[in-house]
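# Fold and contact review
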Amino acid sequence: MSVSLAKGQNGPLDVPEVIVSVQLAAAADLSALLVAGNGKVRSDADFVFFNQPTGPGVQLVPNPGGIASLKVSLAGVPADIEQVRAVITLDDTSSNFGRTAAPTARVSDSAGNVLYEYVIDGLSSESIVIALEVYRRQGAWKIRAVGQGYAGGFAALVTDHGVSVDDAPAPAAQAAPPQPAYSPPPQQQPVYNQPPQQQPVYNQPPQQQPVYNQPPQQQPSYNAPPAPPVYNQPPAAPAEVSLVKGRPVSLTKGQKVTLRKEGGVALTLIQMGLGWDPIKKSGMFGSRTANVDLDASALLYADGNLVDVCYYGQLTSKDGSVRHMGDNLTGEGDGDDEVMTVDLQRVPAHVNAVIFTVTSYRGHTFEQVQNAFCRLVDSTTNSELARYTMQGGMPFTGMVMAKVYRQNGEWKLQAIGEGIQAKHAGEAAPQLGRFLMA
């Protein structure tokens, strides 16, 4: 009997070989991306599609009159490959999944017995979707329902995973020359404006004449206050930055970034990784580390009102859009100490901000913590997109790290890095109103 999966759910694979197939009313292709721990292919050979139907442990099996299926021989997948992602691409690039019934992805054993079934609903403008992924976890193989849609085209998907697409840059290169072709006239226009720049040479005598008019020369000093660049500094301080593939953005306090990848593709499934290290103190019996227990929380707001909290006592928000991956009691070790995932597509329409905090359950201040940071990760590729690192410890028991919020229909991230006095999310909530207005 098959098991129905919902987006984000997973299940074990206890068979040596699986077949991934797709049922869809529209013409489409099925392909596979074999990715390593960094979320990218090792080489173009790890991309299995109709022009390269065989890869290490993965084979594209033709289906006359229908969509080909993928055969994955688990023992044949190289040890450094952690995930095999099954991708559905519509043949008609001008169409999208919103025009047809939701596609269904199935996972069967070699005998044809259906093990799992996933109806990929919620798609609209996307023409490509990562349907499922077969992945390793602690030496065992599992299947996960992904349902991550792409509206940026096939090239955007594969290049995000490190595949070289020779024909993708060509249209852009051909489209670029026409734009400069029309640009030279404006660039040459300033040439005709050079005479006005030379005219003041002939006006030098008039400039000497106002020797008697020195008071008028002082009048511009009264004009300085209305037009100082000081008033332009506040907009420049929180200037937004763009996400660039392969180059994580290092954010400064208060800085913002729109949650879109290169090419304008909106992020939909993100991770907020939070990390810190307790400061080691030296004493006569050697060095020791304070027993600091920090907790990450995500507080969901709708028009300034707290509607839900995701923290160690409630690992999933009531709507299922935010998940806490577990509590770290010490902060020891490298990398993220606590991770929270946010499915931006599942966040209810009335929720317009998610604030991430870190609080000290035992009341330690951030003077006893070093290397505190938060980082934004694209969950579909497991690639870091942005990071904010706090400088120095502060005498607070809580820290407001960052905010993910809606603005004009799209999601943005803002680094905050402000201290508060709070030991848990309940004490932090009443102090967060000012950050909702920033």
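## Notes on the layout of surface pockets
There is about 1000 Å³ of room inside the largest pocket. Around the largest pocket, the lining comprises 38 residues; the ones closest to its centre are R144, Q271, M325, T341 and S379. Tallied by class, the residues present in the lining of the largest pocket amount to nine nonpolar, 14 polar and 15 charged.

## Focus: the environment of K142
Topologically, K142 is positioned in strand β13 (residues 140–150). Separated by 128 residues in the primary sequence, K142 and D14 place their C-alpha atoms 8.5 Å from one another. Non-local contacts of K142, meaning those with residues more than four positions away in its chain, are made with N10, G11, P12, L13, E133, V134, Y135 and R137.

## What about the sheet that holds strand β15 (residues 256–258)?
If you walk across this open sheet you meet the six strands as β15-β27-β26-β23-β19-β20, and the pairing is antiparallel. Of all strands in the sheet, those bounded by a partner on one side alone are β15 and β20 (305–310). Pairwise comparison of adjacent strand axes, ignoring direction, gives a mean angle of 20° for this sheet.

## So, unusual backbone geometry
Unusually for a residue other than glycine, Q138 sits at a positive phi of about 55°. Summarising the element assignment, Q138 is placed in the loop between β12 (128–137) and β13. Judged by its relative accessible area of 81%, Q138 is exposed.

## Topic: the pattern of salt bridges
For the structure shown, the criterion picks out eleven salt bridges. Salt-bridge contacts for R106 lead to E117; the nearest nitrogen and oxygen are separated by 2.7 Å. Here the residue R106 occupies a position in strand β10 (residues 104–109), and E117 occupies one in strand β11 (residues 114–119), the gap between them amounting to eleven residues. Note on R106: relative accessible area 22%, which makes it partly exposed.

## As for a nonpolar patch on the surface
A grouping of Y312, L315 and Y361 is seen on the molecular surface, where their side chains present a nonpolar patch of about 290 Å² in accessible area. Structurally, Y312 is set in the loop between β20 and β21 (322–324). You can call Y312 partly exposed: its relative accessible area is 33%.

Conventions we followed
Residues numbered from 1 in each chain as written. Predicted model: local features only at pLDDT ≥ 70, side-chain atom pairs only at ≥ 80, totals over all residues. Heavy atoms only, no water. 1 Å grid on protein atoms, 1.4 Å probe; cavity = no way out; pocket = protein on both sides within 12 Å on 5 of 7 lines; lining within 4 Å. Points joined across faces, edges and corners; volume = space filled by probe spheres on them. Nonpolar A, V, L, I, M, F, W, Y, C, P; charged D, E, K, R; others polar. Helix = DSSP H or I, 4+ residues; strand = E, 2+ residues; numbered from the N terminus. Contact = heavy atoms within 4.5 Å. Pairing = 2+ DSSP bridges. Axes fitted to C-alpha atoms, helices over the stretch in contact; angles between N-to-C directions. Buried < 20%, exposed > 50% of the residue type's maximum accessible area, 1.4 Å probe, protein only. Salt bridge = Lys/Arg side-chain N within 4 Å of Asp/Glu carboxyl O. Patch = residues over 30% accessible without salt bridge, like charges linked within 9 Å, V, L, I, M, F, W, Y side chains within 5 Å. Areas by Shrake-Rupley, 256 points an atom, 1.4 Å probe, with all protein chains shown as cover.

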